[in-house]
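# Chains, contacts and geometry: an overview
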Amino acid sequence: GAGVSQSPSNKVTEKGKDVELRCDPISGHTALYWYRQRLGQGLEFLIYFQGNSAPDKSGLPSDRFSAERTGESVSTLTIQRTQQEDSAVYLCASSLDPTGYSNQPQHFGDGTRLSIL
Amino acid sequence: GQNIDQPTEMTATEGAIVQINCTYQTSGFNGLFWYQQHAGEAPTFLSYNVLDGLEEKGRFSSFLSRSKGYSYLLLKELQMKDSASYLCAVRAAYSGAGSYQLTFGKGTKLSVIP
């Protein structure tokens, strides 16, 4: 598609359940990023994928969070045993390869609004 | 650690000029981005600065001073549709873990009034 696509747009689940969020990046973008945006807070980096390199997981807040990406296509972010503090908007972004040029902007999807009851 | 500060809210009049400031303290510096985010929508890229000085793009300009850890976004001829949050983000590292992530400020909510 023309832009970054995320699904679902909204997710409400009970505490303790697992959730899976999906991101479909812009075609041709080798880099993919996940961020979390809590109410009233700035975007927090979670994880970064670039091509076939090992992902940068330095932003994942706990081992309940994991993400996968198949090649240079779709990525899924999984949160296990969800807690109320996980409630946030989860944003995915993609870009052209940033390793050569630092000015490659990240293009964001509309996000998944996750609410944990 | 990384710290990026922006004013929480600003109000300006349609047709006027507004300047949104951003100060940062990061462990390194490899570029500063400004994004616009309308409520419930994706952030959209506005500008990029890596060298000192002013970058102009239509009604929007962005300035950077690396020695002062300071940037501003200047919006001219304000329109009602410019009402949005403006996010300042820094790419802090050159290489290694965390090189390509952006560290974001909390955003400045701009309200344009008639």
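In this report, we go over the structure that sits alongside the text.

What counts, and where the lines are drawn
Residues numbered from 1 in each chain as written. Chains lettered and ligands numbered in written order. Predicted model: local features only at pLDDT ≥ 70, side-chain atom pairs only at ≥ 80, totals over all residues. Heavy atoms only, no water. Contact = heavy atoms within 4.5 Å. Buried area = accessible area lost by both parts, 1.4 Å probe. Polar contact = N/O pair within 3.5 Å; in protein donor to acceptor, adjacent residues only side chain to side chain. Helix = DSSP H or I, 4+ residues; strand = E, 2+ residues; numbered from the N terminus. Pairing = 2+ DSSP bridges. Axes fitted to C-alpha atoms, helices over the stretch in contact; angles between N-to-C directions. Disulfide = S-S within 2.5 Å. Buried < 20%, exposed > 50% of the residue type's maximum accessible area, 1.4 Å probe, protein only. Phe/Tyr/Trp six-rings, centres within 6.5 Å; stacked < 30°, edge-to-face > 60°.

## What to know about the interface of chain A and chain B
- In this assembly, 22 residues from chain A lie in contact with 20 residues from chain B.
- Of the roughly 1700 Å² buried between chain A and chain B, counting both surfaces, carbon and sulfur atoms make up 56%.
- On the surface where chain A and chain B come into contact, there are four residue pairs in polar contact (both at pLDDT 80 or more).
- Breaking the side of chain A that touches chain B down by element, the ones donating at least two residues are β4 (31-37) and β5 (43-50) of chain A.

## Some details on the sheet that holds strand β6 (residues 53-57) of chain B
Residues and elements named next belong to chain B.
- The antiparallel open sheet is built from five strands, whose spatial order is β1-β3-β8-β7-β6. Each edge of the sheet is formed by a strand with only one pairing partner; in this case those strands are β1 (3-5) and β6. This sheet shows a mean twist of 15° between the axes of neighbouring strands, independent of strand direction.
- As judged from the six bridges shared by strand β7 (residues 60-65) and strand β8 (residues 70-75), these two strands associate in the antiparallel manner.

## A short note on the state of the cysteines
- Here the structure, examined in full by the defined rule, presents two disulfides over all chains.
- At a sulfur-sulfur separation of 1.9 Å, the disulfide partner of Cys23 of chain A is Cys92 of chain A. Given an S-S torsion of about -65°, the disulfide between Cys23 of chain A and Cys92 of chain A has left-handed geometry. Placement of the pair is Cys23 of chain A in strand β3 (residues 19-24) and Cys92 of chain A in strand β8 (residues 88-95), with a sequence separation of 69 residues. Across this residue pair, the class does not change: Cys23 of chain A and Cys92 of chain A are buried.
- Shown here is the disulfide that connects Cys22 of chain B with Cys88 of chain B, its sulfur atoms set 2.0 Å apart. Sign of the S-S torsion, about -70° for the bond between Cys22 of chain B and Cys88 of chain B, identifies this disulfide as left-handed. In this pair, Cys22 of chain B is assigned in strand β3 (residues 18-25) and Cys88 of chain B in strand β9 (residues 84-90), connecting sequence segments 66 residues apart.
- Judged by relative accessible area, which is 0%, Cys22 of chain B ranks as buried.
- Residue classification places Cys88 of chain B among the buried positions, given a relative accessible area of 0%.

## So, the sheet that holds β3 of chain A
All names here are of chain A.
- Reading across the sheet, the four strands line up as β1-β3-β7-β6 and stay open at both edges, with antiparallel pairing between neighbours. Edge positions in the sheet fall to β1 (5-7) and β6 (65-69), since each has one partner strand and no second. Taken pair by pair, the neighbouring strands of this sheet meet at an average axis angle of 15°, ignoring direction.
- As defined by bridge partners, β1 adjoins β3 across three bridges and the pair is classed as antiparallel. Looking at β3, one finds that Gln6 is bridged to Cys23.

## Thoughts on the packing of aromatic side chains
- Throughout the structure, instances matching the rule amount to 16 aromatic pairs over all chains.
- Ring centres of Phe63 of chain B and Tyr72 of chain B lie 5.0 Å apart, and the angle between their planes is 15°; this geometry places the pair in the stacked category.
- Among the residues examined, Phe63 of chain B registers a relative accessible area of 23% and is labelled partly exposed.
- Residue classification places Tyr72 of chain B among the buried residues on the basis of a relative accessible area of 16%.
- Within the aromatic cluster, the residues linked to one another by ring pairs are Tyr33, Tyr35, Phe45, Tyr48 and Phe108 of chain A together with Phe33, Tyr35, Phe45, Tyr48 and Phe104 of chain B.

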